[in-house]
Every structure is written in C-alpha cells, then in structure tokens.
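Below, each chain spelled out in residue letters.
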Amino acid sequence: MRTLRPALLAATAATCALLLGLTACGGGSSTTTGQAHGHAPASSPESPTSPTASTPSTNGMNGMDGMDGMDGMDAPASANGLSADRDGYRLVSPDARLPSGAPATYRFSVTAPDGRPLTAFALDQTQRMHFYAVRSDLTGFQHVHPGMAKDGTWTARLAALTPGAWRFFASFTPDAGPGKGTDVVLSRTVTVPGTASSPVPLPAPKTSATVDGYTVTVKGDIMSGMAHPLAVTVTRNGRPVTDLQPYLGTYAHLTAFHAGDLAFAQLHPTTAVNGDHGGPELAFHAELPTAGDWRLFLQFRTQGTLHTAALTLRAG
C-alpha cells in the first residue's frame, strides 16, 4: 500500500464524489474476519501480527509444498508482486527455509539493473522498505519494516512462523538508477518445516470484522481491473471511533492478497491526517486487478496499540 502519487491524482479526484455518496447511503458489499476458522487477527504495540494457531498442512497447499525457495512457482514479472524479478530489479536471499515456533530472521537484498546491491531507497509512508510475510492459505500475516546494512543487506525480524508455505514480499521505491521513483514489489517463497494442521478455508465475504473490540466495516462494490473508492468505518461498542492515531503517515494501512496465488494489490489511503483524531470514516483508492476473493489486512492504531483486522472482499 502506498500514498497516492501524481499519476493517481486524476483518478482520485474522479472518485471522491462517488465516495461521498457511497458513505452517505451505506450501500455496497462488505467483509469479515473469519475468527471461527483460525483467521483471528492479532494486535500488538508496533509489533508484527502473529500467525494464528490453526494452520494448513504443508501437503497440497497450492502446489507449493516441500520446495526450498519454490521460486519456480513465480509468475512473470508484473505489478502483482509474484516474481523475484521485475524491470531489472531482483530480490535475493540465502534463506529458503526458516524455523517454526520461534522468532525468525530473514536476510535479503535487492539488486539493481546493473547487478549491484541497491542501497538508495525513497521513503514511502515513512519507511524505505515494507516487508510482508503471508501464508499460502492467508491464515498468517506479518508486516514489518526491516533494517538495512551499508552493503544493502536487509534484515527482517519476524514473529514465530507456523509450518507451511509462505511468500515474502518486499515493497520499495528506488531512489537512484533507471527505476528511480517507480514502485516495485518483489517476492520469494519460503518453507517453514514441521507438522501442520489441515488447510483452513478462506472465510466468505461478510459485512464487517471485529478485532480487539473494534468493528471495521468496508463498503464499496469492486470490479476487477477498475479503480473504485472504498469506504472503511471504525466503531467500538456501536459508537464511532474518532481517536485513531497516525500509523505510517496515515490513519490505516490496507494491503490485499488474492486467494490462491497470493497476488499483491496496493490500496491507497486518501484521508487527510489531523493528529490523533482519525475516524470513524476512512477513504481508500482501490484497484484489484483480478476477479475473485481477496484477503484484506487493515492496520490501525489507538492509544499506542496496533490492531490488525482481516477482511475478505470479493471483486467481480
């Protein structure tokens, strides 16, 4: 997810009027957390979201089981993030397997089109690198901000991973070279050995999700391949929440992954930030390239604690 760049300003302006009408009428389809199926989101004070206890088996998970790195599964380079290479940039890591049951460290670097490690990264939502760890069945999700050494090696510190197949995404903007100013998302697959439970079905789309006592409602009919406004409302005990605190330069961070192939989508916040007074309504610019079910992870902060709500949204 990223803040709007100049190329998106025209689309955002065109959708603002529609968003106002959408919010007023309260129509559109919404989503749910699926806590009954092992998708319960977690929260922590500025820490990664831990995977749930119930996780799928490493056998038969989207054809990704038992393969070190599994980058042969990667699709051609595109904006969906399902490749380790794009436009001359490459995500490189010595770590094809990580242990389960304890905090893990993932090391990686990004090489530029000239083959050298990239060390110049532009700030995007207050960070130079957004790193995501996502399980193949979307029961696990972590969003962290790794640190970079002078030689361009990044270190992502992750909460305990459950056994199974994972895909790790690196989202960044080069600040030098031919790709300067261009948003890039790359990914690699990782195996976490161990015995896991049966696959957990993705919860069906519903009207809202609840996390840590907060209810998040999403409104907006989404058609794949088209830009649409998405309205998010946050309430607690039936009352509007108006004390959202800035998180990564906005009031909520929203990331989407396509069920099955884990394709990545960017959802851009368009709500202005005014101190610790965010909510209850938040606006996003949504573009989901592929039809089907998408798992959305909405992160927001109140009283210094980061909350993560998991939502299923269907794109027509």
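Residues numbered from 1 in each chain as written. Predicted model: local features only at pLDDT ≥ 70, side-chain atom pairs only at ≥ 80, totals over all residues. Heavy atoms only, no water.

### Side note on the overall build of the protein chain
Here is step 1: Per the secondary structure count, the protein chain includes 1 helix and 19 strands.
Here is step 2: Counting every position in the protein chain, which comprises 316 residues, the buried fraction comes to 52%.
Here is step 3: Put simply, 70% of the contacts in the protein chain that link residues at least 6 apart link residues at least 24 apart.
Here is step 4: For the protein chain, the exposed area adds up to about 12600 Å²; of that, 53% sits on carbon and sulfur atoms. (Helix = DSSP H or I, 4+ residues; strand = E, 2+ residues; numbered from the N terminus. Buried < 20%, exposed > 50% of the residue type's maximum accessible area, 1.4 Å probe, protein only. Contact = heavy atoms within 4.5 Å. Areas by Shrake-Rupley, 256 points an atom, 1.4 Å probe, with all protein chains shown as cover.)

### Looking at the packing of aromatic side chains
Within a pair of aromatic rings, the relevant descriptors are the distance that separates the centres and the angle that separates the planes.
Here is step 1: Within the structure shown, the criterion is met by 19 aromatic pairs.
Here is step 2: Their ring planes at 65° and their centres at 6.2 Å tell us that Phe257 and Phe297 sit as a pair that is edge-to-face. Here Phe297 lies in strand E18 (residues 292–302) and Phe257 lies in strand E15 (residues 253–258), a separation of 40 residues in the sequence.
Here is step 3: Among the residues examined, Phe257 registers a relative accessible area of 0% and is labelled buried.
Here is step 4: Its relative accessible area of 5% is what places Phe297 among the buried residues.
Here is step 5: By way of ring pairs, the aromatic residues Tyr89, Tyr106, Phe108, Phe121, Phe131, Trp154, Phe168 and Phe172 are connected into one cluster. (Phe/Tyr/Trp six-rings, centres within 6.5 Å; stacked < 30°, edge-to-face > 60°.)

### Regarding the side chain of His130
Here is step 1: By secondary structure assignment, the location of His130 is in strand E5 (residues 130–135).
Here is step 2: Here the side chain of His130 touches His143 through a polar contact of 3.1 Å, side chain to side chain. (Polar contact = N/O pair within 3.5 Å; in protein donor to acceptor, adjacent residues only side chain to side chain.)

### Concerning the confidence of the model for the protein chain
Close inspection of predicted coordinates is inappropriate for parts of the model with low pLDDT.
Here is step 1: Chain-level statistics for the protein chain give a pLDDT mean of 81 and a share of 75% at 70 or above.
Here is step 2: Residue range residues 1–77 is modelled with pLDDT below 50. Its contacts to residues more than four positions away, or to other chains, number 235 contacts. (pLDDT = per-residue confidence, 0-100.)

### Digging into unusual backbone geometry
Here is step 1: Note the cis peptide between Gly279 and Pro280, where omega equals 0°.
Here is step 2: For Pro280, the location among the structural elements is in the loop between strand E16 (264–269) and strand E17 (281–287).
Here is step 3: For Leu262, which is not glycine, the phi dihedral falls at a positive 65°.
Here is step 4: Following the sequence through the fold, Leu262 ends up in the loop between E15 and E16.

### Side note on the pattern of salt bridges
In a structure, side chains of opposite charge can pair up when their charged atoms sit close to one another.
Here is step 1: On inspection of all chains with the given rule, the structure shows 5 salt bridges.
Here is step 2: Measuring nitrogen to oxygen at the nearest pair gives 3.4 Å for the salt bridge that ties Asp87 to Arg86.
Here is step 3: Given a relative accessible area of 55%, Asp87 falls into the exposed group.
Here is step 4: Given the relative accessible area of 19%, Arg86 is considered buried.
Here is step 5: Among the salt bridges present, the one from Asp293 reaches Arg314, with a minimum N-O distance of 2.7 Å. Of this pair, Asp293 sits in strand E18 while Arg314 sits in strand E19 (residues 305–315), and the two are 21 residues apart along the sequence.
Here is step 6: The exposure class assigned to Asp293 is partly exposed, which follows from its relative accessible area of 21%.
Here is step 7: Owing to a relative accessible area of 48%, Arg314 belongs among the partly exposed residues under this scheme. (Salt bridge = Lys/Arg side-chain N within 4 Å of Asp/Glu carboxyl O.)

### So, the pairing of E19
Here is step 1: With respect to burial, E19 is a largely interior element, 9 of its 11 residues being buried.
Here is step 2: In this structure, E18 lies alongside E19, joined through 11 bridges in antiparallel fashion. Bridging from a neighbouring strand, Leu296 pairs with Leu311 of E19.
Here is step 3: Joining the antiparallel neighbours E18 and E19 is a turn of 2 residues, in which Gln303 adopts a positive phi near 50°. (Pairing = 2+ DSSP bridges.)

### Remarks on the environment of Thr217
Here is step 1: In this structure, Thr217 sits in strand E12 (residues 214–219).
Here is step 2: With a relative accessible area of 21%, Thr217 lands in the partly exposed category.
Here is step 3: Distance from Thr217 to Val232, taken between C-alpha atoms, is 5.6 Å for residues 15 residues apart in sequence.

### Regarding the sheet that holds strand E2 (residues 85–86)
Here is step 1: Across the sheet, which stays open at both edges, the 5 strands sit in the order E2-E3-E4-E8-E7 with antiparallel pairing between neighbours. Where the open sheet ends on each side, the last strands, each with one partner, are E2 and strand E7 (147–148).
Here is step 2: Inspection of the sheet shows E7 paired to strand E8 (residues 154–158) by 2 bridges, in the antiparallel sense. Following the sheet pairing, Met148 is matched in E8 by Trp154.

### Quick look at the sheet that holds strand E10 (residues 184–192)
Here is step 1: Within the open sheet, the 4 strands sit side by side as E6-E5-E9-E10. Their pairing is antiparallel. The open sheet terminates on both sides in strands that have one partner only, identified here as strand E6 (141–144) and E10. When strand polarity is set aside, the average angle formed by the axes of neighbouring strands in this sheet is 15°.
Here is step 2: Sheet topology places strand E9 (residues 164–172) next to E10; 9 bridges connect them, and they run antiparallel. Counted as the bridge partner of Phe168 is Arg188 from E10. (Axes fitted to C-alpha atoms, helices over the stretch in contact; angles between N-to-C directions.)

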